[in-house]
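Analysis of the macromolecular model
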Amino acid sequence: MTNRFASGNAALTLKVVGIILILSFLLDFLILLLPFQPTDRTWQINLATALVDRGIVPLVGIGMLFVGYWIDGVGDSDRPKPIDIRFPVLVLSSILGLFFLLIFPLHLNNVRQASAQNVEQIRQDASQAENQLQNQLSQFQAQISNEQGKAQLEQLRNQARNQFTELLKDEQTYQQALNNPQLPAEQKELLQRFKENPQELDTFIDQQTNPQALADQRIIQIRQRREEAEKQARDNAWKSGLRIGISSLLLSIGYMIIGWTGLRSLGALQGSKRKVAAR
């Protein structure tokens, strides 16, 4: 008696948990559809990602549900049989298999197009930054083209040269700068180079006050950041497409095997029952 009660309770628990898992996925699916934007590629990518990440939930629910029915089948035959919902669940499994099979190529295509769009946007932003930099360079060169501008620029160079010279002459101040933990290592290295070779100070000041050299340096940085951003966009798209695509394909195979095999088995069982009843 105890074994019968335990097996019946276990079967009921498995079926209830399985149904809850299936219904929770369907509820999540309806919620994820809102707001409904089927023409938005980003919405499609996010929806596919969320559904594939949750795709294992109804698969586990279906497995638990059928284990519960199996326990009922090997249990007491005199016990009243509950409502059999295996057929609609198997139909749902087949539908989910086809659904995840469709997600596989659609998601890869969406990710590819989104990656190309992101790369193009990154290139446009970098090109716009370079154009702005060139405009600023032209304006600055126009300002220092006259005598007054040249005098101001030379004054700035002399001020910078005097500040560095005073710091390098005072040994105590120089050592304090080298021992300052807040001073970047690159600046400390420059100070040491200026101390060893004062001519490098003039070269450094000329480079830092040369608008064309500064613009070229900024352009190099912009292009490096552009290349890094493009690489990151492609890598993220590749990883997302590979992870979601393969997961979707595996889920599709699992659901279709369960659905089609189960429907075929139920058809055979129902056919056998009809033959027995006819006899």
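Attention here is on the structure that accompanies the text. (Residues numbered from 1 in each chain as written. Predicted model: local features only at pLDDT ≥ 70, side-chain atom pairs only at ≥ 80, totals over all residues. Heavy atoms only, no water.)

Scanning the protein chain from N- to C-terminus turns up nine helices and zero strands. Each helix and strand of the protein chain, ordered N terminal to C terminal, gives the series α-α-α-α-α-α-α-α-α. Counting every position in the protein chain, which comprises 279 residues, the buried fraction comes to 28%. Partitioning the contacts of the protein chain with sequence separation of at least 6, the portion at a separation of at least 24 is 78%. Entry remark: accessible area of the protein chain is about 18,600 Å², with carbon and sulfur atoms responsible for 58%. (Helix = DSSP H or I, 4+ residues; strand = E, 2+ residues; numbered from the N terminus. Buried < 20%, exposed > 50% of the residue type's maximum accessible area, 1.4 Å probe, protein only. Contact = heavy atoms within 4.5 Å. Areas by Shrake-Rupley, 256 points an atom, 1.4 Å probe, with all protein chains shown as cover.)

For the rest of this paragraph, the subject is the side chain of serine 94. Tracing the chain through its elements places serine 94 in helix α4 (residues 86–143). When its relative accessible area of 8% is taken as the criterion, serine 94 is described as buried. Residue contacts for serine 94: discarding those within four places in its chain leaves Tyr255, Gly259, Trp260 and Leu263.

A full pass over the atoms with the stated rule returns eight salt bridges. The shortest N-O distance in the salt bridge between aspartate 28 and arginine 54 comes to 3.6 Å. You can see aspartate 28 sitting in helix α1 (residues 2–32) and its partner arginine 54 sitting in helix α2 (residues 41–54), a full 26 residues away along the chain. Given a relative accessible area of 32%, arginine 54 falls into the partly exposed group. Salt bridges sharing common partners tie together Arg123, Arg226, Glu230 and Arg234. (Salt bridge = Lys/Arg side-chain N within 4 Å of Asp/Glu carboxyl O.)

Another point: the nonpolar core. Ranked by size, the top nonpolar core spans 20 residues in total, and within it Val52, Leu96, Phe100, Leu251 and Tyr255 carry the most contacts. Looking at this core, the elements with two or more residues in it are α1, α2, α3 (56–74), α4 and α9 (211–278). Sequence-distant contacts of tyrosine 255, that is, excluding residues within four places in its chain, are made with Gly55, Pro58, Leu59, Ile62, Ser93, Ser94, Leu96, Gly97 and Phe100. Grouped together as the second largest cluster of nonpolar side chains are nine residues, Leu168, Tyr174, Phe194 and Leu201 included. (Core = buried A, V, L, I, M, F, W, Y, C linked by side-chain atoms within 4.5 Å.)

What follows is about α2. The periodicity of an α-helix, 3.6 residues per turn, causes residues three or four places apart in sequence to face the same way. Between its first and last C-alpha, α2 extends 20 Å over 14 residues, near the 20 Å set by a 1.5 Å rise per residue. Within α2, burial applies to Trp43, Ile45, Leu47, Ala48, Thr49, Ala50, Leu51 and Val52. The opening residue of α2 is aspartate 40, an N-cap whose side-chain oxygen sits 3.1 Å from the backbone nitrogen of threonine 42. (Expected span 1.5 Å × (residues − 1). Polar contact = N/O pair within 3.5 Å; in protein donor to acceptor, adjacent residues only side chain to side chain.)

This part is about the packing of aromatic side chains. Scanning all chains against the criterion turns up four aromatic pairs. Between phenylalanine 29 and phenylalanine 99, the ring centres sit 5.8 Å apart and the planes meet at 90 degrees, which makes this aromatic pair edge-to-face. In this pair, phenylalanine 29 sits in helix α1 while phenylalanine 99 sits in helix α4, placing the two residues 70 residues apart along the sequence. Look at phenylalanine 29 and you get partly exposed, because its relative accessible area is 24%. Assessed through its relative accessible area of 27%, phenylalanine 99 is described here as partly exposed. Aromatic pair phenylalanine 99 and phenylalanine 100: ring centres 5.6 Å apart, planes at 70 degrees, arrangement edge-to-face. Accessibility expressed as a relative area gives 0% for phenylalanine 100, which makes it buried. Each member of the aromatic cluster is reached from another via a ring pair, and the members are Phe29, Phe99, Phe100 and Tyr255. (Phe/Tyr/Trp six-rings, centres within 6.5 Å; stacked < 30°, edge-to-face > 60°.)

So far we have only geometry, and geometry alone does not tell us how the molecule works.
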